Amino acid sequence: MDLDSFDKLLVDELDIKPVKFPHTSGYCSSCKKAKHPQLEAAGSGHESCLHYSLQTEGLVSKDSFGATALHIAARKGMTQSLQCIVDVCSPVEAFRAHNKASPAHDAAGTGNLESLIFLIENTACTAHDRDKNQATPLHWAAQLGHTEVVDWLISDAGAQPDVKNTAGLTPIHLAASKNKLDTLKWLSNHLKNHYVNSQTYIDARALNGETPLYFAAQEGHLQIVTWLVEKVCPVIDV
Ligand SMILES: [Zn+2]
C-alpha cells in the first residue's frame, strides 16, 4: 500500500472529511505591503487575500480609528468582502470602532445600501446600533443625504424617524442642518403619511431647543428654509 492509499484509508476509517482551504497561498504584493493587509484586502475586494488573512489570523486587524475589515468593506460597498468574512468567521458580531460605530453606520453613512442590507441580514448589526453620540445608522444616512438608505432603514428595517441622539437631534434636524433637501422631503412625506401629529416631528426641538428650521437658517441653507416655511411650517415659532 502506498502512502496516499494509506492516508485515504485513515480518512475513511475515521470518517474525516478532507478540509478544503481555498486561496490560502498568501497576500498579493499590494496587500502585503499595506500597513494593515487584512483591511487593504477587505477594502479593495481582494477576496483571496482576505480569505487567506481570515483563515490564518481571524478577524483581528483594526486601523487607528478601531475600524475592522467589516467597517472598511461596508464603507467601500464591498459586499463580496462582507460575504467572505461571514463565510469564514460566522457568527459575526457587530464590531465597534473607537467612536462606537458599527459597520452598519459605515454602510449607511456612505450610502452603500446593498452592504447595509447584507450586514443587517447576516451579522449582529442592526438598524438600532448606536455610536458614542447615540446616533443610529439612520442619523448617519440622513446627515449625508442618502435618501435611498433612509427609505430602506425606515420602511424595511424598523428604524424610527424621530429617534434622537445625545443632543436630542433627530434625522430631520440633521438633514436640515446639512442641506439635504431630498432626504428632508422624503422624511416629511413619510411622517405625513404615517403619523397623525407629523408636524410635531418636523418642528421637534433638540436638547437646547433648536428646531430643524432653526438649524437650516443658522447654516444659511436658503432652499431648506424656504421649503420648510412654505410647505411644512406655515407658522414660524421662535
Ligand atoms: Zn491583495
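Conventions used here
- Residues numbered from 1 in each chain as written.
- Predicted model: local features only at pLDDT ≥ 70, side-chain atom pairs only at ≥ 80, totals over all residues.
- Helix = DSSP H or I, 4+ residues; strand = E, 2+ residues; numbered from the N terminus.
- pLDDT = per-residue confidence, 0-100.
- Contact = placed C-beta atoms within 7 Å.
- Core = buried A, V, L, I, M, F, W, Y, C linked by C-beta atoms within 7 Å.
- Buried ≥ 20, exposed ≤ 12 C-beta atoms within 10 Å, placed from the backbone.
- Domains from an automatic or database assignment.
- Axes fitted to C-alpha atoms, helices over the stretch in contact; angles between N-to-C directions.
- Left-handed = near helix turned anticlockwise from the far one by under 90°.
- Nonpolar A, V, L, I, M, F, W, Y, C, P; charged D, E, K, R; others polar.
- UniProt positions renumbered as here; feature names shortened; annotations may be inferred.

1. So, unusual backbone geometry
Argument step 1. Cis peptide bonds are those with omega within 30 degrees of zero, and the linkage from S90 to P91 qualifies with 0°.
Argument step 2. As for its placement among the helices and strands, P91 is situated in the loop between α6 (79–89) and α7 (103–109).
Argument step 3. The backbone of K100 shows a phi angle near 70°, a positive value even though the residue is not glycine.
Argument step 4. In this fold, K100 is placed in the loop between α6 and α7.
Argument step 5. In this structure, Q134 takes a positive phi of about 65° despite not being glycine.
Argument step 6. Position of Q134 relative to the elements: it lies in the loop between α8 (113–122) and α9 (137–143).

2. Focus: the confidence of the model for the protein
Argument step 1. The share of residues in the protein with pLDDT of 70 or more is 87%, and the mean pLDDT across the chain is 90.
Argument step 2. In this model residues 6–21 is a low-confidence stretch, pLDDT under 50, and it forms 4 contacts with partners more than four residues away in sequence or in other chains.

3. Let's talk about the nonpolar core
Argument step 1. Within the largest apolar cluster, 58 residues are counted, with the highest numbers of intra-cluster contacts made by L119 and L153.
Argument step 2. Domain assignment of the residues forming this core places at least three in each of domain 1 (24–132) and domain 2 (160–238).
Argument step 3. Look past the residues within four positions of L153 in its chain and what remains in contact with it is A108, A127, P137, L138, A141 and A159.

4. Let's talk about helix α4 (residues 47–57)
Argument step 1. What α4 keeps buried is the set C49, L50, H51, Y52, S53 and L54.
Argument step 2. Where α4 is buried, its residues meet α2 (29–32), α3 (37–44), α5 (69–75) and α6.
Argument step 3. Trailing α4 by a residue or two, G58 shows a phi angle of about 85°, which is positive.

5. With respect to the packing of α3 against α4
Helix-helix packing is characterised by the crossing angle of the two axes and by the distance between the axes.
Argument step 1. Where α3 meets α4, the closest approach of the two axes is 8 Å, and the angle between their N-to-C directions is 145°. Viewed along their axes, α3 and α4 form a crossing whose handedness is left-handed. Mapping the contact onto sequence places P37, Q38, A41 and A42 in α3 and C49, L50, S53 and E57 in α4.
Argument step 2. When grouped by side-chain class, the residues that make up the contact of α3 with α4 number 5 nonpolar, 2 polar and 1 charged.

6. Some thoughts on the UniProt feature "repeat: ANK" (unreviewed entry) in the protein
Argument step 1. With numbering matched to this structure, UniProt assigns "repeat: ANK" (unreviewed entry) to residues 133–166 and 208–231.
Argument step 2. Taken end to end, residues 133–166 comprises 50% helix and 0% strand; its first and last C-alpha atoms sit 6 Å apart.
Argument step 3. Counted over residues 208–231, helix gives 75% and strand 0%. Its end C-alpha atoms are 25 Å apart.

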